[in-house]
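Here is what each chain is made of, one letter per residue.
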Amino acid sequence: MEDNTILKAEPLPANTSSAVTANPHIPSVSASAVLGESESMPEGTPICRGYDFNKTLEEYGKNDGKDKEKNILDDIMSSMLTTGFQATNVGLAIEEIKRMRKWRLSDVPWKEGDDIDLK
């Protein structure tokens, strides 16, 4: 009988250098994809902590007499940087938008040869 199998389903060889992937009861593909060994985080990596929902409105009332809701929203947006992977990218986008909104053409020094209208 002819074997017409395009791709044979065979388990990958176990990685004996890892305690997780060397376990014979766990398929090596699953073990390496899901149960990978932990690595230490690089120095200076922010700690994932998110927004502190235990803050009270009274605490926000003490902030320079500004609008409480604005302070809460600012804190929630700032906390996105340390909430998790997807929220961190939202937080980075928020920071970039804030930076772009603060930028002014007057921040860039005019030099000889530039368009006179930019002076």
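Above this note sits the structure.
Sequence order as written defines the numbering, with residues in each chain counted from 1. Reporting in this predicted model follows two pLDDT cut-offs: at least 70 for local features of residues, and 80 or more for side-chain atom pairs to be given and counted; totals over whole chains, interfaces and linings ignore these cut-offs and use all residues. Hydrogens and water molecules were not included; the side-chain quantities draw on all heavy atoms of the structure.

*Asks:* It is not clear to me how the overall build of the protein chain should be interpreted in this structure. Could you clarify?
*Replies:* Think of it this way: any DSSP run of H or I at least four residues long counts as a helix, any run of E at least two long counts as a strand, and we number them from the N terminus. In terms of helices and strands, the protein chain carries four helices and zero strands. For the exposure calls, accessible area comes from a 1.4 Å probe over protein chains only, and a residue counts as buried if that area is under 20% of its type's maximum, exposed if over 50%, partly exposed in between. For the protein chain, the residues scored as buried account for 11% of the 119 residues in total. Any two residues whose heavy atoms approach within 4.5 Å at even a single point are treated as in contact. Expressed as a percentage of contacts within the protein chain between residues at least 6 apart in sequence, the contacts between residues at least 24 apart total 23%. Method for areas: the Shrake-Rupley scheme with a 1.4 Å probe, in which residue coverage is limited to the protein chains shown. Accessible area of the protein chain: about 10700 Å², with a carbon and sulfur share of 57%.

*Asks:* What exactly am I supposed to notice about the pattern of salt bridges here?
*Replies:* A side chain with one charge may pair with a side chain of the opposite charge, provided their charged atoms come close. Salt bridges, as used here, are contacts in which a Lys or Arg side-chain nitrogen is within 4 Å of a carboxyl oxygen on Asp or Glu. Per the counting criterion, the structure on display carries one salt bridge. The residue Arg 99 makes a salt bridge to Glu 96 at a minimum N-O spacing of 2.5 Å. Here Arg 99 and its partner Glu 96 are both found in helix H4 (residues 85-102), three residues apart, which amounts to about one turn of the helix.

*Asks:* Just checking my understanding: could you explain the packing of aromatic side chains for this structure?
*Replies:* Remark: the centre distance and the inter-plane angle together describe each pair of aromatic rings, the angle taken between the planes. A pair of aromatic rings is counted whenever rings of Phe, Tyr or Trp (Trp by its six-membered ring) have centres within 6.5 Å, and the orientation is called stacked for planes under 30 degrees apart, edge-to-face for over 60 and tilted otherwise. Applying the stated rule across the entire model yields one aromatic pair. Ring plane angle 80 degrees and centroid distance 4.7 Å describe the contact between Tyr 51 and Phe 53, whose orientation is recorded as edge-to-face. A residue is classified by how much of its surface remains accessible, and Phe 53, at 66% relative accessible area, is exposed.

*Asks:* It is not clear to me how H4 should be interpreted in this structure. Could you clarify?
*Replies:* Since one α-helical turn is 3.6 residues long, residues separated by three or four positions face the same way. Expected span of a helix, by definition, is 1.5 Å for each gap between consecutive residues, and there is one gap fewer than residues. With 18 residues, H4 extends 26 Å between its outermost C-alpha atoms, agreeing within 8% with the 26 Å of an ideal straight helix rising 1.5 Å per residue. Regarding H4, the residues found buried are Ala 87, Gly 91 and Ile 94. The arc that holds every buried residue of H4, seen down its axis, measures 55 degrees, which confines them to one face. Turned more than 90 degrees off the buried face of H4, the exposed positions are Phe 85, Gln 86 and Met 100. By arc we mean the arc of the directions from the helix axis to the C-beta atoms, nothing more.

*Asks:* So what exactly am I meant to see when it comes to the side chain of Ser 79 here?
*Replies:* With respect to the element layout, Ser 79 can be found in helix H3 (residues 68-79). Taking relative accessible area as the criterion, Ser 79 reaches 10% and is therefore assigned buried. A polar contact of 2.7 Å, which involves the side chain of Ser 79, links it to the backbone oxygen of Ile 76. Residue contacts for Ser 79: discarding those within four places in its chain leaves Gly 50 and Tyr 51. Think of a polar contact as two N or O atoms within 3.5 Å of one another; within protein, one of them needs to be a possible hydrogen donor and the other a possible acceptor, and neighboring residues in sequence only count if both atoms come from side chains.

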